[in-house]
Amino acid sequence: MNDDIFEKPYFSEEMIFKSVPAQNEFINLAKEYARKYSLDKAMPIGSVLVNKGDIIGIGANGSDYHNNHICERVRQKIPTGQGYELCEGCHPKNHSEQKAIQDAIKKGNKTEGTDLYLWGHWWCCRWCMNAIKKAGIKNVFLLEKSEILFNKNKSGNIINRQFDS
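Presented here is a report on the structure given in the accompanying data block. (Residues numbered from 1 in each chain as written. Predicted model: local features only at pLDDT ≥ 70, side-chain atom pairs only at ≥ 80, totals over all residues. Heavy atoms only, no water.)

Topic: unusual backbone geometry
Excluding glycine, most residues fall at negative phi; most peptide bonds, likewise, are trans.
No. 1: A positive phi is found at Lys 52, a non-glycine position, where the angle reads about 50 degrees.
No. 2: Lys 52 gets classed as exposed once you look at its relative accessible area, which sits at 81%. (Buried < 20%, exposed > 50% of the residue type's maximum accessible area, 1.4 Å probe, protein only.)

And the structure:
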């Protein structure tokens, strides 16, 4: 994936995203977990944390806050990648990356040197990047062409059809 072509809402000099094909078992697990457990039906996202081929943590994004409340970010027309802390439903604690890290820690697993597989997104916000760095995660893997598939601003995206076929 060429990061120069697609400007991300947040970019970290230290993190280089790697891509994997749709057949990758861990990206598929992240997809299935997002399908089953994400509470954000517009942008379901799943993360799988892997250590030496073993799954040590898993998470899906969302909370039920938006079922009963208007999203403060939407109300204020805040751009993607900004203001997550302003809305309980969008808060970084509800992001799949952070939930996967917390799941691993809760299970007594060490996160240093692990790999994170992220399905349903094409970048990580600064809060998740900071959590990834703090956890010592070595690599973040995205689905090939995720910069198009999960980018609301790109033609050819699959948003609202992520689970078709």
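Things to note about the layout of surface pockets
No. 1: In this structure, the largest pocket occupies an estimated 820 Å³ of space.
No. 2: If you go around the largest pocket, you meet 37 residues; those closest to its centre are Asp 40, Met 43, Arg 73, Tyr 84 and Lys 152.
No. 3: Secondary structure elements with two or more residues in the lining of the largest pocket: helix H2 (65-68), helix H3 (72-75) and helix H4 (96-106).
No. 4: Grouping the amino acids of the lining of the largest pocket by side-chain chemistry returns 17 nonpolar, 13 polar and seven charged.
No. 5: In this structure, the second largest pocket spans a volume of roughly 180 Å³.
No. 6: As for the second largest pocket, its lining consists of twelve residues, of which Lys 31, Trp 119, Leu 143, Ile 158 and Gln 162 are closest to the centre.
No. 7: In terms of residue count, the dominant contributor to the lining of the second largest pocket is helix H1 (residues 25-37) (three residues).
No. 8: In terms of residue class, the lining of the second largest pocket is built from six nonpolar, three polar and three charged. (1 Å grid on protein atoms, 1.4 Å probe; cavity = no way out; pocket = protein on both sides within 12 Å on 5 of 7 lines; lining within 4 Å. Points joined across faces, edges and corners; volume = space filled by probe spheres on them. Helix = DSSP H or I, 4+ residues; strand = E, 2+ residues; numbered from the N terminus. Nonpolar A, V, L, I, M, F, W, Y, C, P; charged D, E, K, R; others polar.)

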